[in-house]
Amino acid sequence: MSIALGIRLIRGVRRNGAGCSCYRGSETSGYQLWTLVLTFLVYASYHMSRKPLSIVKNTLHRNCSSVDTGGTTPAPNNTDCSWAPFDGDNYDNLFGWLDVAFLGTYAVCMFGSGFVAERINLRYFLTVGMLCTGASVAMFGVGYFLNIHNFAFYLCMQVVAGGFQSSGWPAVVAAVGNWFGPGRRGVIMGIWNSHTSVGNILGAVIPAVWANGPWGWSFVVPGAIIGGLGIIVFFFLVPYPSDVGIEVQNSRVEISRTSSAEFSESTPSSKNIATNTFPGEESPLLSSESGENDKAVSLLSAIRLPGVLEFSLCLFFAKLVSYTFLFWLPKYIGVTTSFSPKKSANLSTLFDVGGVGGGIIAGLFTDRFKKPAICCVVMLILGTPLLFIYQWKGGDSYASSVVLLLVCGALVNGPYALITTAVSAELGTQPALKGNKKALATVTSIIDGTGSIGAALGPLLTGLISPSGWQNVFYMLIGANVMAGLFLIRIVIKEVRTPALKRERERECPTPPAAIIVQSSGQDYGTSGNSM
């Protein structure tokens, strides 16, 4: 595959100026750091570009008596300052349909996005996706400048934006997964995944500048930023280590083959151990015969991988909760308090600030104990009563809102962040794949695509339920949190039993030193072909 033009120029300058005296290890570390930084900025821009609508909802439909009119008499009713077609009594339903148009398209396209990303150059795929995303987001804001009041226009812009937004996640996770192997993925991706919260914060702060005035800029500016970063991706992203002549051992199976080839050939039972299977268990889903590792996996094969279905269903409900906050929290704060649209938008960013800490804590726990399902369930259990407390006491004072939003953000976004990053990367490179490197984007798209269906459902239900009372919305969120935890119960039981099972298996079939490296390098999600 061709090297990005910018990277080619930098390599040429370094080679001519330094005589190519750099160490290979430092060069690899440099590419890894650059990949983390660039993909961090890329996906932060994706989240930034999907946030503006939640910020301007209070502007598109607002109480005119609370509008700063510069000393003039406010309008006689509370809709004259709103933006048609959102000035009617059905504005909540219209906002709900805009959310579901974006997220529904995003979810449907996500399943195909990973499939496509595995089969073309990730740099080209990501560049086109970012440029088109930027254009579609900006066009929503153009509706303000062209004085467009047709609901179909805004609905179409949301559909187009949702489709192109699906290009981001499989591509950035695959790029990072190509450069980093298992072991410290939890903490690295926990920190890296803060791009979600950073993007949400920027997506609240930047559009809030124009929230009380020419709201079209709230969309045009984020659209221009993500489009500009798309150009940088085209010239400077290195999605594959092989592009620059570097081989990264990102699979436990590859480590096994390198360190124990002689043992594997001479010991009949070693093949089962090196792939985390044991006598009597089914063979891995994908064969390691010649040429098989170069083929992209099918959606059906990826779904059958151990752990993919359970974590996908868990993410369905976890993302339902997270995206309801993402799309409706500024509106909820504005409705239940006397805060202005700008102040409500700024306060809502604390939920994402808490999410940064939650993602890092979840990553540290997973790296230390290798039990991601237990980590997710504990955070979901703790988060359930916190949702009720926030709905009950969150509006009592500014201080209570700050504290509860930070804690709720950590507990709601922690499991979501862990599943979409470290868990997806582990499931996409697990031993059941027998070293196949072209499953990561597909597995990631399945997990995030399933979660995105929940993300589309949550805001839609909120628009339909909120007229009957916001407490009913929180009952829905609490129920979703409980369901998210229930889908991981079987994996939790497996993780609790894992130490005892390993001791029993070691007595029956002693583990050679090379296989110890394989088993200790990451979380064992089960044997292929069997449920957890």
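Residues numbered from 1 in each chain as written. Predicted model: local features only at pLDDT ≥ 70, side-chain atom pairs only at ≥ 80, totals over all residues. Heavy atoms only, no water.

### Examining the pattern of salt bridges
Evaluated as defined, the whole model comprises five salt bridges. Where Glu-27 meets Arg-11, a salt bridge forms, and the shortest distance between an N and an O atom there is 3.3 Å. Highlighted residues: Glu-27 in helix α2 (residues 24-50) and Arg-11 in helix α1 (residues 5-18), separated in sequence by 16 residues. Taking relative accessible area as the criterion, Arg-11 reaches 21% and is therefore assigned partly exposed. The salt bridge involving Lys-393 is made with Asp-396; its shortest N-O contact spans 3.6 Å. (Salt bridge = Lys/Arg side-chain N within 4 Å of Asp/Glu carboxyl O. Helix = DSSP H or I, 4+ residues; strand = E, 2+ residues; numbered from the N terminus. Buried < 20%, exposed > 50% of the residue type's maximum accessible area, 1.4 Å probe, protein only.)

### Some thoughts on the confidence of the model for the protein
For any part of a model where pLDDT is low, the fine detail of the predicted coordinates should not be relied upon. On average, residues of the protein score 77 in pLDDT, and 75% of them reach the 70 mark or higher. Below pLDDT 50 for its whole length, residues 250-292 participates in 91 contacts with residues either more than four positions away or in separate chains. Counting interchain partners and residues more than four positions distant, the pLDDT-below-50 stretch residues 511-532 has 65 contacts. (pLDDT = per-residue confidence, 0-100. Contact = heavy atoms within 4.5 Å.)

### Section: the nonpolar core
Residues Phe-86, Tyr-154, Phe-325, Tyr-390 and Leu-477 are the most contacted members of the largest nonpolar core, which totals 83 residues. Per element, the largest residue contribution to this core is 16 residues, and it comes from helix α15 (residues 308-336). Other than its neighbours up to four places away in sequence, Tyr-390 contacts Phe-325, Leu-329, Tyr-332, Ile-333, Gly-395, Leu-404, Leu-405, Cys-408 and Phe-474. (Core = buried A, V, L, I, M, F, W, Y, C linked by side-chain atoms within 4.5 Å.)

### Describing the packing of helix α5 (residues 122-145) against helix α10 (residues 217-236)
Two packed helices can be described by the angle between their axes and the distance between those axes. Close contact between α5 and α10 brings their axes to 7 Å; oriented N to C, the two are set at 165°. Relative to α10, α5 is oriented roughly antiparallel. Seen from above, α5 lies across α10 with left-handed handedness. Tallied by class, residues from the contact of α5 with α10 come to 17 nonpolar, seven polar and one charged. (Axes fitted to C-alpha atoms, helices over the stretch in contact; angles between N-to-C directions. Parallel < 35°, antiparallel > 145°, perpendicular 65-115°, else oblique. Left-handed = near helix turned anticlockwise from the far one by under 90°. Nonpolar A, V, L, I, M, F, W, Y, C, P; charged D, E, K, R; others polar.)

### Details of the environment of Ile-226
Relative to the helices and strands, Ile-226 is located in helix α10. Separated by 183 residues in sequence, Ile-226 and Tyr-43 have C-alpha atoms that sit 9.1 Å apart. Apart from the residues within four sequence positions on either side, Ile-226 is in contact with Ser-45, Tyr-46, Ser-49, Met-130, Thr-133 and Gly-134.

### Observations concerning the side chain of Thr-28
Residue placement: Thr-28 occurs in helix α2. Dropping the residues within four chain positions of it, Thr-28 is found in contact with Trp-179 and Ile-246.

### Focus on unusual backbone geometry
Look at the link from Ala-84 to Pro-85: it is a cis peptide, with omega at 15°. The residue Pro-85 is located in the loop between α3 (52-60) and α4 (91-117) in this model. Of note, Asn-147 is a non-glycine position whose phi angle comes to about 60°, a positive value. By the secondary structure assignment, Asn-147 is in the loop between α5 and α6 (151-165). Positive phi is not limited to glycine here, since Lys-370 has a value of about 60°. Secondary-structure assignment places Lys-370 in the loop between α16 (341-369) and α17 (372-393). The class for Lys-370 is partly exposed, based on a relative accessible area of 26%.

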